[in-house]
Amino acid sequence: MKIAYIHQHFVTNEGTSGTRSYDVSRFLIEMGHEVTMICGLHDQSSLARMPWYRLTRVEHIDGIKVVVCNAYYSNKLGVASRLWCFAKFVFIALLACLRERRLDLIFATSTPLTVGIPGRIAATIKRIPYVFEVRDLWPEDLLDAGRIKPGLQYKVWEWIEQFSYARARKVLLVSKGFHDRLLERGMAPERLQTVLLGADGSLFRDVVPNTEFFRRYGLVEKTIAIYTGAHGDANGLFQILDAAELLKERKDIAFVLMGEGKMKEALKADVAKRGLDNVHLLDPVPKRELPGILAACHIGLMILKQISRPRWVTPNKIFDYMFTGIPSIVNFAGTTAEMVEADGAGFASKPGDATDLAAKIRHLADDPEDRKRIGARAREVAYSRYDRRMIAEQLAGVFEEAAANGRVHRTS
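J.: I'd like a description of the sheet that holds strand S7 (residues 170–173), backed by residues and values.
T.: Read from one edge of the open sheet, 8 strands run S3-S4-S2-S1-S5-S6-S7-S8, paired in mixed fashion. The outermost strands of the open sheet, each flanked by one partner alone, are strand S3 (56–61) and strand S8 (192–194). Averaged over all adjacent pairs, the angle separating strand axes in this sheet is 25°, with direction ignored. Pairing of S3 with strand S4 (residues 64–73), which is carried by 6 bridges, proceeds in the antiparallel orientation. The residue of S4 that forms the bridge with Glu59 is Val66. Contacting strand S1 (2–6), strand S2 (34–42), S3, S4, strand S5 (105–109) and strand S6 (130–134), helix H1 (residues 20–30) runs over the sheet at an angle of about 165° to S2. Lying on the sheet, helix H2 (residues 79–99) is in contact with S1, S2, S3, S4 and S5; it crosses S4 at an angle near 150°.

J.: Break down the sheet that holds strand S11 (residues 279–282) for me, with residues and values.
T.: Ordered in space as S11-S10-S9-S12-S13-S14, the 6 strands form an open sheet in which the pairing is parallel. The sheet is open, and its two borders are formed by S11 and strand S14 (346–348), each paired with just one other strand. With strand direction ignored, the average angle separating the axes of adjacent strands in the sheet is 20°.

J.: How would you explain unusual backbone geometry if you had to name every residue and give the values?
T.: Across the junction of Ser110 and Thr111, the peptide omega takes the value 5°, indicating a cis bond. A positive phi angle, near 60°, is found at Arg127, a position not held by glycine. Within the secondary structure layout, Arg127 lies in the loop between helix H3 (116–126) and S6. Given the relative accessible area of 55%, Arg127 is considered exposed.

J.: Kindly report on the packing of aromatic side chains, identifying the contributing residues and their values.
T.: Within the structure shown, the criterion is met by 15 aromatic pairs. Ring geometry for Phe86 versus Trp138: centroids 6.2 Å apart, planes at 55°, classification tilted. You can see Phe86 sitting in helix H2 and its partner Trp138 sitting in the loop between S6 and helix H4 (140–144), a full 52 residues away along the chain. Each member of the pair, Phe86 as well as Trp138, is classed as buried. Centroid distance Tyr130 to Phe132: 6.4 Å. Interplanar angle 50°. Geometry classified as tilted. Phe132 carries the same exposure label as Tyr130, and that label is buried. One aromatic cluster in this structure is built from Tyr73, Phe86, Trp138 and Trp157. Directly above the aromatic system of Tyr72 lies the positively charged group of Arg49, at a separation of 3.7 Å from the ring centroid. Geometry around Phe163 places Arg120 over its ring, the cationic atom sitting 4.1 Å from the centre.

J.: How would you explain helix H12 (residues 335–343) if you had to name every residue and give the values?
T.: Taken together, the buried positions of H12 are Thr335, Thr336, Ala337, Met339, Val340 and Asp343. Contacts made by the buried residues of H12 are with helix H6 (176–184), strand S12 (299–302), helix H11 (316–324), strand S13 (328–330), S14 and helix H14 (368–385). Taken from the residues just after H12, Gly344 is the one with a positive phi, measuring 70°.

J.: A description of the confidence of the model for the protein should follow, citing residues and the corresponding values.
T.: For residues with low pLDDT, the predicted coordinates do not support detailed interpretation. Averaged over all residues, the pLDDT of the protein equals 95, while 98% of them reach at least 70. A low-confidence stretch, residues 408–412 stays under pLDDT 50, and its non-local contacts, those more than four residues away or across chains, total 3 contacts.

Analysis parameters
- Residues numbered from 1 in each chain as written.
- Predicted model: local features only at pLDDT ≥ 70, side-chain atom pairs only at ≥ 80, totals over all residues.
- Heavy atoms only, no water.
- Pairing = 2+ DSSP bridges.
- Helix = DSSP H or I, 4+ residues; strand = E, 2+ residues; numbered from the N terminus.
- Axes fitted to C-alpha atoms, helices over the stretch in contact; angles between N-to-C directions.
- Contact = heavy atoms within 4.5 Å.
- Buried < 20%, exposed > 50% of the residue type's maximum accessible area, 1.4 Å probe, protein only.
- Phe/Tyr/Trp six-rings, centres within 6.5 Å; stacked < 30°, edge-to-face > 60°.
- Lys NZ or Arg CZ within 6 Å of the ring centre and 35° of its normal.
- pLDDT = per-residue confidence, 0-100.

Set out below in structure tokens:
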């Protein structure tokens, strides 16, 4: 089967963000499928920029044909620049899809939600099946997080959401919470299927702790609580600083925040203002280096800004922590907290409660045996349920069913 896979924020192991599309594509190719990845230029992707007058560039990465669209994105961009990037990608990605010959299926994965536009239009023109994957429930999540307001802006995003879902042969969800929410909103159960993000277990299987990485910061003998990922407003990382301030006298505990985003400078300023010498804000590293760094840590932090309802998202990093074999602490209510507790992979702290977050970090620092027991359980569950090779097999099953139904539809 030949698949056009649209993911604007595609990243390989040389990049510093989530690599699920890269991993899944490689495994699909191993199964005998052909994958053309249509992506943009993310500042964390390691893909080289191109002159403004070029629309696309073709690369071949580990068997994947990658059509890079000249639409540059960064978490540091302002709202207008982000919207321009999304619109530009829609146009170029549609052209790229239409140029691909003998496609059997188009698969578009959000975010941004706008990736559904070129996916649906190209599939309609080519008369082939289209599958859409939801990684965030835009625009609902944006509204609840206060990033957009009710009114015309919300209605436009709502229309794009409905457009993206309407002709999809299957709507895939990366979280049970998303699945349940779309059922509540009246979507037909047979159109929905949950396929989790997972992680590439092969990266973590024989990992050696990279203690040398932390030696330069004087952290080798400390219990390290790490957060990896975006440093944006939606991540609410000042909550980590609140917990760190409560544990300021514990010289044996260190907080590491590794990543990039528009709030990073503000976080650095607040760390300096509070005199938090137990907090270290580090630059992101390529994904291939991350397993060794995580293996030298002791606690994984799952932090998001508090909103008025439980969160349905399950971020990539929870699976990285689990495959590494370190317990996680989740400070927001919803699907991730429920999953971590059900799997015995860590704790859910009281949402937005820095005192409870600090207490749970203190417990894991003071009880290494419990920490190791929880970490071992997390690793065991990860390999049995969340390996991306299994995820790719599930996706292949969805694609094959959609393509078969599409062939029946076109000949009837």
